[in-house]
Amino acid sequence: MNSIKEIITQSIETKQRILADEEFLGRIQHAVDLVTVAFKKGNKVLFCGNGGSAADAQHLAAEFSGRFYKNRRALPSDALHCNSSYLTAVANDYSYDVIYSRLVEGMGVKGDVLIGLSTSGNSANIVKAFESARNLEMVTIGFTGMSGGIMKEMSDVIFNVPSSDTPRIQESHIMIGHIICQFVEENIFPG
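Calculation rules
- Residues numbered from 1 in each chain as written.
- Predicted model: local features only at pLDDT ≥ 70, side-chain atom pairs only at ≥ 80, totals over all residues.
- Heavy atoms only, no water.
- Phe/Tyr/Trp six-rings, centres within 6.5 Å; stacked < 30°, edge-to-face > 60°.
- Helix = DSSP H or I, 4+ residues; strand = E, 2+ residues; numbered from the N terminus.
- Buried < 20%, exposed > 50% of the residue type's maximum accessible area, 1.4 Å probe, protein only.
- Lys NZ or Arg CZ within 6 Å of the ring centre and 35° of its normal.
- Pairing = 2+ DSSP bridges.

J.: How should the packing of aromatic side chains be read in this particular structure?
T.: Given two aromatic rings, their pairing is described by the distance between the two centres and the angle made by the two planes. Taken as a whole and assessed by the stated rule, the structure comprises five aromatic pairs. Each ring, one from Phe24 and one from Phe159, has its centre 5.7 Å from the other, and the planes form 45°; the classification is tilted. One end of the pair, Phe24, is in helix 2 (residues 22–40); the other, Phe159, is in strand 5 (residues 157–160), with 135 residues separating them in the sequence. Aromatic side chains Phe39 and Phe64 sit 5.1 Å apart centroid to centroid with 70° between the ring planes, which places their arrangement in the edge-to-face category. Note that Phe39 is positioned in helix 2 and Phe64 in helix 3 (residues 52–65), a separation of 25 residues in sequence. When sorted by exposure, Phe39 lands in the same class as Phe64, which is buried. Ring pairs connect the aromatic residues Phe24, Phe143 and Phe159, which therefore count as one cluster. We note Arg102 situated over the ring of Tyr94; from NZ or CZ to the ring centre the distance is 4.2 Å.

J.: Hey, could you run me through unusual backbone geometry in this one?
T.: Phi is positive for Glu137, which is not a glycine, with a value near 60°. Relative to the helices and strands, Glu137 resides in the loop between helix 6 (124–135) and strand 4 (139–144).

J.: Any chance you could explain the pairing of strand 5 here in plain terms?
T.: When a strand is regular, its side chains alternate between the sheet's two faces. Taking every second residue as pointing to the same face, both faces of strand 5 are buried, with Val157 and Phe159 on one and Ile158 and Asn160 on the other. Strand direction decides the pairing type here: strand 4 and strand 5, joined by four bridges, are parallel. Note that in strand 5 the partner of Ile141 across the bridge is Val157.

Written out as structure tokens, the structure is:
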């Protein structure tokens, strides 16, 4: 029982460090503003991640394209890993490192938002996607762990969760993502 309590305590402590960091909270608001502007201008929000972060990317994309709290029109958002035929073909024919950058090059336009989730901040395929996004003048938002990795310098907004423990980082990523989804939805669909 103590081990269970310890894990829950670690999760709470990670979130408390975020809660106490005014600069971090300001970055959440900044991301809300950037995503709101993108949707209001008719742009889209794309997500990418690997493994559990891919699942989180798909989850958050669905909050925009489906619904969060409100019954409303869909917002243009998708997770880039959902086409398994594309993913396996490009990984086989080119490299796993370019699976996301090629889609960003093919789908992205100036003003779109790319949200990348990588607990290390160093996932090569996400770094390359961010490079492509920046070339297209897209907004880049990175969800990482404590150091931020390579993505820290490539992100217009960085959420470098104050932890080096992958599960605690991912739990905070979902919390931050849900906050962004809630306030963006409220901004676009008031009342």
